[in-house]
Amino acid sequence: MNTTLLQRWQQVIEQIDKARAASNRDTVTLLAVSKTKPAQMIIELAEAGQRHFGENYLQEAAGKMAEIKELGASSAATEAIIWHYIGHIQRNKTRDIAENFDWVHTIERDIIAKRLNDQRPDNLGKINVLVQVNIDNEDSKSGCLPSELDKLIAGIKGYDKLSLRGLMIIPSKEGTDAFERTKKLFDEIKQAHPELTQWDTLSMGMSGDMEQAIAHGSTMVRVGSAIFGARD
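Residues numbered from 1 in each chain as written. Predicted model: local features only at pLDDT ≥ 70, side-chain atom pairs only at ≥ 80, totals over all residues. Heavy atoms only, no water.

### Examining the nonpolar core
Side chains that are nonpolar tend, in soluble globular proteins, to be buried together. Counting residues in hydrophobic clusters, the biggest one holds 64 residues, and the most contacted among them are Leu 116, Leu 167 and Ile 227. In this structure, Ile 227 is in contact with Leu 5, Arg 8, Trp 9, Val 12, Leu 30, Ala 32 and Leu 45, ignoring residues within four places of it in sequence. In terms of nonpolar packing, the next biggest core, distinct from the first, is built from 7 residues, Val 33, Ile 86, Trp 103 and Met 220 among them. (Core = buried A, V, L, I, M, F, W, Y, C linked by side-chain atoms within 4.5 Å. Buried < 20%, exposed > 50% of the residue type's maximum accessible area, 1.4 Å probe, protein only. Contact = heavy atoms within 4.5 Å.)

Listed below in structure tokens is the structure:
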């Protein structure tokens, strides 16, 4: 057992709980970002109680899912893992994502949403999806612009195998008021679209800024290095 891994994970949970209490918030979900990290680490965290895991690369994720299924075949904990896809989505990868993930954080175009909807197996239920917003209008970042949100949301609402849950951002490293602006967008959409009954998720904040993100309304933080250590 990797005691350092579990200690870091516990420390992150404590940080989240402290930030949540300071902001008088009910719940904040910890998404453990396991990209580039071995399946065994995921198994150990799942056995310890971590449920949500995020992966950026489809091929890598598929390999780990198969390995976890083999290594933890008799484990209720690994069976209970909730998989989140948090990487950029290419058209030719939508089928595999639709068949293997419970959440997708990076919807930025209607064609991707439509393909995920059309390719989702009937027996798996709806995919929880978030719209990725390029909140700081950076050329290097994926995501739709805030001005494009209404049109994209209108399209996603029509797909019966997608459950639209909220927004995801990766703010500029330069430091802006991105968290505040995203929370304002989130609240405006919630008010304008009361039919979105599951509009409840704001995925923002990572290892270096999760406490700030929680203070500004994040309901889900994506934490990698603070749990798993530096990436290779």
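### With respect to unusual backbone geometry
With a phi angle near 70°, Thr 36 is a residue other than glycine that sits in the positive phi range. Summarising the element assignment, Thr 36 is placed in the loop between strand E1 (29-33) and helix H2 (39-48). Of the residues examined, Thr 36 reaches a relative accessible area of 32% and is grouped as partly exposed. (Helix = DSSP H or I, 4+ residues; strand = E, 2+ residues; numbered from the N terminus.)

### Brief notes about helix H6 (residues 110-119)
For H6, the full list of buried residues reads Ile 112, Ala 113, Leu 116, Asn 117 and Gln 119. Contacts from the buried residues of H6 go to helix H5 (94-100), strand E4 (103-107), strand E5 (127-133), helix H7 (149-156) and strand E6 (162-169).

### Quick word on the pattern of salt bridges
Counted by the stated rule, this structure contains 12 salt bridges. A salt bridge links Lys 64 to Glu 55, with the shortest nitrogen-to-oxygen separation between them at 2.9 Å. Among the ionic pairs, Glu 138 bridges to Lys 141, the shortest N-O distance being 2.6 Å. Classification of Lys 141 as partly exposed rests on a relative accessible area of 22%. (Salt bridge = Lys/Arg side-chain N within 4 Å of Asp/Glu carboxyl O.)

### Things to note about the pairing of E1
Along E1, 4 of the 5 residues are buried, which leaves the element largely enclosed by surrounding structure. Examined bridge by bridge, E1 and strand E8 (residues 220-223) share 4 bridges and lie parallel to one another. Residue pairing in the sheet places Leu 30 in a bridge with Val 221 of E8. Across 2 bridges, the pairing between E1 and strand E2 (residues 52-55) is parallel. Of the residues in E2, the one forming a bridge with Val 33 is Gly 54. (Pairing = 2+ DSSP bridges.)

### Concerning the UniProt feature "modified residue: N6-(pyridoxal phosphate)lysine" (unreviewed entry) in the protein
UniProt records the feature "modified residue: N6-(pyridoxal phosphate)lysine" (unreviewed entry) at Lys 35, using the numbering of this structure. When neighbours within four sequence positions are excluded, Lys 35 is seen to be in contact with Gly 54, Glu 55, Asn 56, Tyr 57, Glu 60, Lys 64 and Arg 231. (UniProt positions renumbered as here; feature names shortened; annotations may be inferred.)

### What about the packing of H2 against helix H3 (residues 58-71)?
Relative to each other, H2 and H3 sit at 55°, their axes nearing to 9 Å. When the axes of H2 and H3 are compared, the pair comes out oblique. Crossing angle aside, the handedness with which H2 passes H3 is right-handed. For the pair H2 and H3, the contacting residues are Ala 39, Gln 40, Ile 42 and Ile 43 in the first and Lys 64, Glu 67, Ile 68 and Leu 71 in the second. (Axes fitted to C-alpha atoms, helices over the stretch in contact; angles between N-to-C directions. Parallel < 35°, antiparallel > 145°, perpendicular 65-115°, else oblique. Left-handed = near helix turned anticlockwise from the far one by under 90°.)

### Here we look at the environment of Ala 192
Position of Ala 192 among the secondary structure elements: in helix H8 (residues 178-192). Taking relative accessible area as the criterion, Ala 192 reaches 54% and is therefore assigned exposed. Spatially, the C-alpha atoms of Ala 192 and Leu 167 are 15 Å apart, while their sequence positions differ by 25 residues.

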